[in-house]
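Spelled out, the chains give:
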Amino acid sequence: MGVSEILMEVRDLSVQFPGKNGTVLAVSHADFTVCRGEVLGIVGESGSGKSTAAYAMMRLLKKVGRVTSGSVVYEGRDILRYSDRDLQSLRGSEIGMIFQDPMQCLDPVYSIGAQMVETLRAHRSIDRAQAVKQSVEMLARVGLPEPEKLMKRYSFELSGGMQQRVMIAMALLCGPRLLIADEATTALDVTVQDQILQLLKELRSERGMAMVLITHNFGIVSEICDRVCVMYGGYVMEEGSVDAVFYEASHPYTRSLIAAIPKADPMRIEPLLPIPGTPIDPMQHPTGCVFHPRCAYCMERCRTEVPGVHTVGEGHTVRCHLLDTAAAQHETAGKETVHG
Ligand code: SF4
């Protein structure tokens with residue numbers, strides 16, 4: 001990937017939540033990039049740090065969370081150092097966000113139309129009539145019936161699925177260059193979920209919009225993403241193209257996640273392989289590799305040493321000691337051949 005293609009670069013991002021009973025290490029030294037027009041999926045179980053990373057990227061952690069290291073460089077400038085004013089103009093205009101809970105961004109006091117028109121006019125130099133027209137078009141675009149009437153309604157009058165689509169319409173209204181979606185389709189039924197994914201695909205090819213999709217669903221990743229970043233216990237464990245991660249997964253956690261995906265092929269009746277153990281307790285991070293209590297390949301050093309990141313292919317990185325071992329074995333085999 002060329003440097004000029006990079007739209008957002010997250011480097012060494014760490015986030016903690018200090019509390020009375022200890023500190024939650026939510027994200028640890030996360031690195032990933034989003035290129036122009038590409039769709040990056042961030043996957044992982046609950047507590048993996050995927051949503052916290054997204055909130056930190058947009059400085060939405062409020063006062064409870066603390067970024068303890070790292071940078072989030074968007075178009076050459078670190079968002080973590082933006083002034084509040086610059087941040088305000090970036091959010092909703094250049095970068096749109098969709099949350100799992102629509103009520104987080106819809107205000108029950110104002111009609112849907114009032115919120116959309118205000119958002120558009122805050123970021124674009126257009127008159128009210130144009131803003132109304134564009135809002136109605138966007139509501140229709142996300143598949144909402146009778147958009148003119150919907151403009152006059154309030155969020156609490158709508159079903160959960162409709163609220164979700166309104167939020168998506170609002171996030172897309174100003175034509176963002178990057179859309180960050182946090183489990184945005186999880187609460188929707190599969191038909192609506194599919195419609196929304198199709199819409200996102202269309203917008204991506206029409207406008208070249210990049211996306212970061214945070215999900216626990218590998219099906220969504222395979223359908224829409226170009227690259228994927230697998231998180232566990234706050235660490236990025238594996239990152240690469242969807243093909244590389246699906247077909248040449250190198251991290252034991254990624255392999256376990258893939259083995260746990262139900263297969264729809266009636267000719268292949270294989271038992272599902274659940275990942276042993278329970279998801280990590282962020283208050284009690286294991287020492288060494290955070291995945292070691294659940295890993296079938298755990299070695300002595302895994303209990304004490306945090307593994308480093310290894311490059312295993314073009315744009316494909318893995319955080320695991322097994323890669324050290326593989327490299328060491330390869331080196332030993334090479335020496336034996338030379339000296340033998
Ligand atoms: Fe398993 Fe060790 Fe690799 Fe962690 S570093 S995933 S415990 S082999």
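Residues numbered from 1 in each chain as written. Predicted model: local features only at pLDDT ≥ 70, side-chain atom pairs only at ≥ 80, totals over all residues. Heavy atoms only, no water.

### Notes on the environment of serine 250
On the secondary structure map, serine 250 appears in the loop between helix 9 (242-247) and helix 10 (252-259). Owing to a relative accessible area of 16%, serine 250 belongs among the buried residues under this scheme. Sequence separation between serine 250 and valine 312 is 62 residues; the distance between their C-alpha atoms is 8.2 Å. Apart from residues lying up to four places away in sequence, serine 250 is in contact with Glu238, Arg255, Val312, His316 and Val318. (Helix = DSSP H or I, 4+ residues; strand = E, 2+ residues; numbered from the N terminus. Buried < 20%, exposed > 50% of the residue type's maximum accessible area, 1.4 Å probe, protein only. Contact = heavy atoms within 4.5 Å.)

### A closer look at the packing of aromatic side chains
Summed over the entire model, instances satisfying the criterion amount to 6 aromatic pairs. With 5.7 Å between their ring centres and 55° between their planes, tyrosine 55 and phenylalanine 99 make a pair best called tilted. Within this pair, whereas tyrosine 55 is found in helix 1 (residues 50-57), its partner phenylalanine 99 is found in the loop between strand 6 (95-98) and helix 3 (112-123), the two being separated by 44 residues in sequence. Across the pair, exposure class does not vary: tyrosine 55 and phenylalanine 99 are buried alike. Of the aromatic side chains, those joined through ring pairs into one cluster are Tyr232, Tyr253 and Phe291. Directly above the aromatic system of tyrosine 82 lies the positively charged group of arginine 77, at a separation of 4.2 Å from the ring centroid. Stacked on the ring of tyrosine 297, the Lys or Arg arginine 255 has its end atom at 5.7 Å from the ring centre. (Phe/Tyr/Trp six-rings, centres within 6.5 Å; stacked < 30°, edge-to-face > 60°. Lys NZ or Arg CZ within 6 Å of the ring centre and 35° of its normal.)

### Description of the nonpolar core
Met8 and Ile180 are the most contacted members of the largest nonpolar core, which has 100 residues in total. For this core, the leading source of residues is helix 6 (residues 160-172), giving 7 residues. Setting aside its immediate chain neighbours within four residues, isoleucine 180 contacts Ala54, Met57, Met58, Ile95, Gly96, Met97, Ile98, Val212 and Ile214. (Core = buried A, V, L, I, M, F, W, Y, C linked by side-chain atoms within 4.5 Å.)

### What to know about the pattern of salt bridges
Counting across every chain of the model gives 21 salt bridges. A salt bridge links arginine 177 to glutamate 94; the shortest N-O distance between them is 3.3 Å. Placement of the pair is arginine 177 in the loop between helix 6 and strand 7 (178-182) and glutamate 94 in the loop between helix 2 (84-90) and strand 6, with a sequence separation of 83 residues. Of the residues examined, arginine 177 reaches a relative accessible area of 37% and is grouped as partly exposed. (Salt bridge = Lys/Arg side-chain N within 4 Å of Asp/Glu carboxyl O.)

### Structural notes on the environment of aspartate 194
By secondary structure assignment, the location of aspartate 194 is in helix 7 (residues 190-207). Each C-alpha atom of the pair aspartate 194 and methionine 170 lies 19 Å from the other, and the pair is 24 residues apart in sequence.

### Quick word on the state of the cysteines
Two cysteines form a disulfide when their sulfur atoms are joined by a covalent bond. If you walk through the whole model with that rule in mind, you get 0 disulfides. With no disulfide of its own, cysteine 229 lies 11 Å from the sulfur of cysteine 225, the closest cysteine sulfur. (Disulfide = S-S within 2.5 Å.)

### Here we look at the site of the ligand
If you check the shell around the ligand, you find His251, Pro252, Cys289, Phe291, His292, Cys295, Tyr297, Cys302, Pro307, Cys320, His321 and Leu322 and nothing else. In terms of residue class, the shell around the ligand is made up of 9 nonpolar, 3 polar and no charged. (Near = heavy atom within 4 Å. Nonpolar A, V, L, I, M, F, W, Y, C, P; charged D, E, K, R; others polar.)

### Brief notes about helix 4 (residues 128-141)
With 14 residues, helix 4 extends 20 Å between its outermost C-alpha atoms, agreeing within 8% with the 20 Å of an ideal straight helix rising 1.5 Å per residue. What helix 4 keeps buried is the set Ala131, Ser135, Val136, Met138 and Leu139. In an axial view of helix 4, the angular spread of the buried residues amounts to 165°, which keeps them on one side of the axis. Away from the buried face of helix 4 by more than 90 degrees, exposed residues Ala129 and Lys133 are located. Contacts made by the buried residues of helix 4 are with helix 3, helix 5 (147-150), helix 6 and helix 7. Structurally, the start of helix 4 carries an N-cap: the backbone nitrogen of alanine 129 is 3.3 Å from a side-chain oxygen of aspartate 127. (Expected span 1.5 Å × (residues − 1). Arc of directions from axis to C-beta. Polar contact = N/O pair within 3.5 Å; in protein donor to acceptor, adjacent residues only side chain to side chain.)

### Observations concerning the packing of helix 3 against helix 6
In helix packing, the relevant descriptors are the interaxial angle and the interaxial distance, both defined with respect to the helix axes. Following both chains from N to C, one finds helix 3 and helix 6 inclined at 15°, their axes separated by 10 Å at the closest point. Classified by the angle their axes make, helix 3 and helix 6 are roughly parallel. Here helix 3 runs over helix 6; the crossing is right-handed. Contacts from Ile112, Gln115, Met116 and Thr119 of helix 3 reach helix 6 at Val166, Ala169 and Met170. Split into classes, the residues belonging to the contact of helix 3 with helix 6 amount to 5 nonpolar, 2 polar and no charged. (Axes fitted to C-alpha atoms, helices over the stretch in contact; angles between N-to-C directions. Parallel < 35°, antiparallel > 145°, perpendicular 65-115°, else oblique. Left-handed = near helix turned anticlockwise from the far one by under 90°.)

### Structural notes on the side chain of glutamine 115
For glutamine 115, the position within the fold is in helix 3. Here the side chain of glutamine 115 touches tyrosine 110 through a polar contact of 3.0 Å, landing on its backbone oxygen. Not counting the four nearest positions on each side in its chain, glutamine 115 is found in contact with Cys105, Leu106, Asp107, Tyr110 and Met170.

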